[in-house]
Amino acid sequence: MSQQIPTRDLSPDPVKVHQPQMVDLYAKREKIHARAISGFFQNIRNASVTVVMALFFLLPWINWDGRQAVLFNLPERHFYIFWWTFLPQDFFFLSWLFIIAAFTLFAVTVFAGRVWCGYTCPQTVWTKVFMWIEEKAEGNRNARMRLDKAPMTVGKFTRRSIKHAGWITVALATGLAFIGYFTPVRDLWHQTSTGTLDFWMGFWMLFFTGATYLNAGWMREQVCLHMCPYGRFQSVMFDRDTLIISYDNHRGDPRGSRKRGTTSADNGLGDCIDCGMCVQVCPTGIDIRDGLQFECIQCAACIDACDSVMDQMGYARGLVKYTTENLLEQTGDGKYHFLRPRLIGYCTALVIMISALLFALITRVPLSVEALRDRGQLYRETVDGMIENSYTLKIQNKAQTAGDYLIEASADGMPVTIPGAPIHIRMDAGELATRSLTLIANPDDIKSTSVPVHIVITRDGDSSVHAETKNTFLSPRQ
Ligand code: SF4
Ligand code: SF4
């Protein structure tokens, strides 16, 4: 008997195909009510949140050598980082520092995935603090969900007000502390507390207060999902040995509920009891059992949640765990490889960059000089027949203290004199001084129309601090 394969006509309906179809491209954000969870990894996160917050708020108040230790003083164009003072011409060092920070992040990502996102990123840290305030004001996950649906009452209004007051307090403190990195924090505090704050200072403080309130209070995971570029491109840094958080579907599936005290084998199921706890604790609202997703910030809340469920069921922990793609899929030799070519590459580049930066900083001379020729007149002939050249010197004392400096000059193959020598100049810490310099030579000693000259500045009492610049001594052809 001949068999027929069943078929279905899938060609478009000639009537419908010409009718316009309405497709809604806007998906409304589903509010996420993440359940609070405690556990090993959440303890680490709490510790890192405490350290990051303490550093952020306390650093501007630390003094170093009689000034604020970390201060990016934009109006004066002086950037202080503990014992270093950077001026605009040292911007190269700051750029270098940022490149090193970026490479460190790349190396950490290759090794441990999104550990930065989960444990130390300011967005994560501040969101965690805001979620804690929310929980204190409005209750646990179920209470918050009920409160959201409930009509506005005095009780709901009070709870909401307490929450927003808490958020605004933290946001204001954040705005104030942030501006304290750019203007002396003690002056800022005094001006704020006496109501004498400069308009722009107040504007930027309120701007960062608003940004903190919105980002950590309202937008939360939306910042990670739609605004953070790092979240998008970091997956290209992953390799098959990068640490990821993953559900072990070999062990967990098939999922299903069962009575406590029964084994998975009794029920013909895997170890996942399909309780949904890993989803309820997730701050980005995803289900880790669906595999590796870009929304996962690796906060490890699902590990702690699932471990507590496994404990209650009497099953082994680690159904959701830190692992690698190779270990999970049992590919390769089944071992975890700590040293991989990509990680070695990043670490080598880091060691070279950090060593070069340290060498440049340690050997950096805190003094600079530049000589500009007086363009109005190339040279002058004095009444006694000598040849005179004039220059404008720009000298910068990059040291942390004021000091006296000696100005000297010499020319290749001929003597030159400085009227009124020895010339000293006093400069405050960080001061950029402008000073004119005149050099005189005897025409009988001049062998060329253009003779190289060397101008040297030396700090009094410390000959290791000296800077040199070159220019030329011009004269009429002999
Ligand atoms: S899936 Fe797990 S690790 Fe990833 S964001 Fe959600 S709770 Fe955190
Ligand atoms: S918490 Fe664990 S047991 Fe519960 S649904 Fe998630 S993976 Fe399954």
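See the structure printed just above.
Residues numbered from 1 in each chain as written. Chains lettered and ligands numbered in written order. Predicted model: local features only at pLDDT ≥ 70, side-chain atom pairs only at ≥ 80, totals over all residues. Heavy atoms only, no water.

Chemist: Summarise a nonpolar patch on the surface; cite the residues concerned and give the values.
Modeler: A cluster of nonpolar side chains, F199, W200, F203, W204 and F207, forms an exposed patch at the surface whose accessible area comes to about 580 Å². Relative to the elements of secondary structure, W204 occurs in helix α8 (residues 199-219). (Patch = residues over 30% accessible without salt bridge, like charges linked within 9 Å, V, L, I, M, F, W, Y side chains within 5 Å. Areas by Shrake-Rupley, 256 points an atom, 1.4 Å probe, with all protein chains shown as cover. Salt bridge = Lys/Arg side-chain N within 4 Å of Asp/Glu carboxyl O. Helix = DSSP H or I, 4+ residues; strand = E, 2+ residues; numbered from the N terminus.)

Chemist: Just give me the short version of the sheet that holds strand β5 (residues 84-86), but keep the residues and values in it.
Modeler: With antiparallel pairing, the three strands of this open sheet are ordered in space as β3-β4-β5. Here the strands that pair on one side only, and so sit at the sheet edges, are β3 (70-73) and β5. In this sheet, neighbouring strand axes are inclined to one another by 15 degrees on average, regardless of whether the strands run parallel or antiparallel. Where strand β4 (residues 78-81) meets β5, three bridges bridge the pair, whose relative direction is antiparallel. When the sheet's bridge partners are listed, F79 is paired in β5 with F86. Contacting β4 and β5, helix α2 (residues 91-112) runs over the sheet at an angle of about 45 degrees to β4. (Pairing = 2+ DSSP bridges. Axes fitted to C-alpha atoms, helices over the stretch in contact; angles between N-to-C directions. Contact = heavy atoms within 4.5 Å.)

Chemist: I'd like a description of the site of ligand 2, backed by residues and values.
Modeler: The full set of residues close to ligand 2 is Y247, C272, I273, D274, C275, G276, M277, C278, R289, C306, M310 and V320. Taken together, the residues that form the shell around ligand 2 break down as nine nonpolar, one polar and two charged. (Near = heavy atom within 4 Å. Nonpolar A, V, L, I, M, F, W, Y, C, P; charged D, E, K, R; others polar.)

Chemist: Describe the pattern of salt bridges, listing the residues and the values that go with them.
Modeler: The final tally for this structure, using the stated rule, is 17 salt bridges. Salt-bridge contacts for R240 lead to E325; the nearest nitrogen and oxygen are separated by 3.6 Å. Highlighted residues: R240 in the loop between α10 (229-233) and β6 (244-247) and E325 in helix α15 (residues 325-329), separated in sequence by 85 residues. By relative accessible area, which is 23% here, E325 ends up partly exposed. Several salt bridges share partner residues, and in doing so they unite K31, E134, E135, E138, R144, D148, R160, K163 and R220 into one network. (Buried < 20%, exposed > 50% of the residue type's maximum accessible area, 1.4 Å probe, protein only.)

Chemist: An account of the sheet that holds strand β15 (residues 462-474) is requested, with residue identities and associated values reported.
Modeler: Read across the sheet, four strands follow the order β12-β11-β14-β15 without closing on themselves; strand pairing throughout is antiparallel. Each edge of the sheet is formed by a strand with only one pairing partner; in this case those strands are β12 (423-427) and β15. Put simply, the sheet's adjacent strands are angled 25 degrees from each other on average, direction ignored. Examined bridge by bridge, strand β11 (residues 403-411) and strand β14 (residues 450-459) share seven bridges and lie antiparallel to one another. Bridge pairing links L406 to T458 in β14.

Chemist: Report on the nonpolar core, specifying residues and quantitative values.
Modeler: Ranked by size, the top nonpolar core spans 47 residues in total, and within it F86, I245, I288 and V320 carry the most contacts. Contributing elements (two or more residues each) for this core: β4, α2, α3 (115-120), β6, α13 (277-280), α14 (301-313) and α16 (341-362). In terms of residue count, α14 provides more of this core than any other element does, eight residues in total. Both domains that meet at this core, namely domain 1 (40-235) and domain 2 (239-332), each give it at least three residues. Ignoring anything within four residues of it in the chain, the contact list for I245 reads I288, Q298, C299, A300, C302, I303, V320, K321 and Y322. Grouped together as the second largest cluster of nonpolar side chains are 28 residues, A371, Y405, L437 and V465 included. (Core = buried A, V, L, I, M, F, W, Y, C linked by side-chain atoms within 4.5 Å. Domains from an automatic or database assignment.)

Chemist: Tell me about the state of the cysteines, and name the residues and values.
Modeler: Applying the stated criterion across every chain, the model contains zero disulfides. The closest cysteine sulfur to the non-disulfide-bonded C121 is located on C117, 6.1 Å from its own sulfur. Residue classification places C121 among the buried residues on the basis of a relative accessible area of 18%. (Disulfide = S-S within 2.5 Å.)

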